[in-house]
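Overview (structure and organization)
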Amino acid sequence: MEQHPQILEHPTVPQHGVTQSWGSERALLAPVPGTEDIGFPGDLSAASTRQLRMLCNRTYQLLDMDHPAPELRERYDALMEELGRRELQAGNRGNVDDAREKFRDNALFSRFELYRNGVMAGYVQYDMRGGDVHLLHAVIDPRFRRLGLEPVLMQAVLLNAHRRRLAVVPYCPEAQDFLRDHPQFLSLIPAKQRRRFKQLVAARGAAADRDRR
């Protein structure tokens, strides 16, 4: 059976024999683009959600360079906040039963919890390592699975990490799947872990393609 990497490399593991990446060479050979080079809109509320996601993807790619433009982080934060606001609005729109989701960080049990109408619908167990939060596994109560609350929980976890300036290491498959489908959050993963994560996603995609043949 072909083996694929199942976990990401721990950020504290020392790296030996590190060579300069192609991205680093490119950063030295070409001028560093700023936000004006990628068409950053003056009014984010006037842009479509699709445009914001595409712009967010281009921005985090620029942030991954060795010498990103100083204003990129501020602009990326603004994009994340606008996308988060829109997704929360979409999630709360049209709830005829007036249901409410509430998210909280339960530090005592080291888990992020999602409540629906006062009942815990699911949680993500985590381990805090300095400025990194390791997402270990996710649980959704079977009674709430048909409501599609797993992405709501994962989005709340990542937005919480973003606001607290925490790096995210996604060990659990649920977090990995969400990040694969929502690349605007990939910059929360440390750069070295991010490269490993992309390799993991590519390997899983190739394996899925082979299984469908």
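Residue numbering note: each chain is counted from 1, following its sequence as written. In keeping with the model being predicted, local features are shown solely for residues with a pLDDT of at least 70 and side-chain atom pairs are shown and tallied solely at 80 or more, while totals for entire chains, interfaces and linings include all residues. As a rule here, side-chain values cover all heavy atoms of the structure and leave hydrogens and water aside.

Points about the sheet that holds strand β1 (residues 101–106)
Definition in use: For two strands to be treated as a pair, DSSP must find at least two bridges joining them. Secondary structure elements follow DSSP: runs of H or I of four or more residues count as helices, runs of E of two or more count as strands, with numbering from the N terminus. Axes here mean lines fitted to C-alpha atoms, for a helix over just the part in contact, with angles spanning 0 to 180 degrees between N-to-C directions.
An order of β1-β2-β3-β4-β5 is seen for the five strands of this open sheet, with the pairing classed as mixed. Of all the strands in the sheet, the pair left with one neighbour each is β1 and β5 (167–170). Recorded for the sheet is a direction-independent mean angle of 25° between the axes of neighbouring strands. In this structure, strand β3 (residues 119–129) lies alongside strand β4 (residues 132–140), joined through eight bridges in antiparallel fashion. Pairing of Arg129 across the sheet is with Asp132, part of β4.

A word on the nonpolar core
Quick reminder of the rule: By nonpolar core we mean a set of buried residues, namely Ala, Val, Leu, Ile, Met, Phe, Trp, Tyr and Cys, connected to one another through side-chain atoms within 4.5 Å. Only protein chains enter the accessibility calculation, which uses a 1.4 Å probe. A residue is then buried if its area is under 20% of the maximum for its type, exposed if over 50%, and partly exposed in between. Contacts between residues were defined by any pair of non-hydrogen atoms, one from each residue, lying within 4.5 Å.
If you look at the biggest cluster of nonpolar residues, it comprises 38 residues, and the most contacted ones within it are Val133, Leu135 and Phe185. Per-element accounting of this core gives the leading share, seven residues, to helix α4 (residues 149–163). Dropping the residues within four chain positions of it, Phe185 is found in contact with Tyr76, Met80, Gln155, Leu158, Leu159, Phe178 and Leu179.

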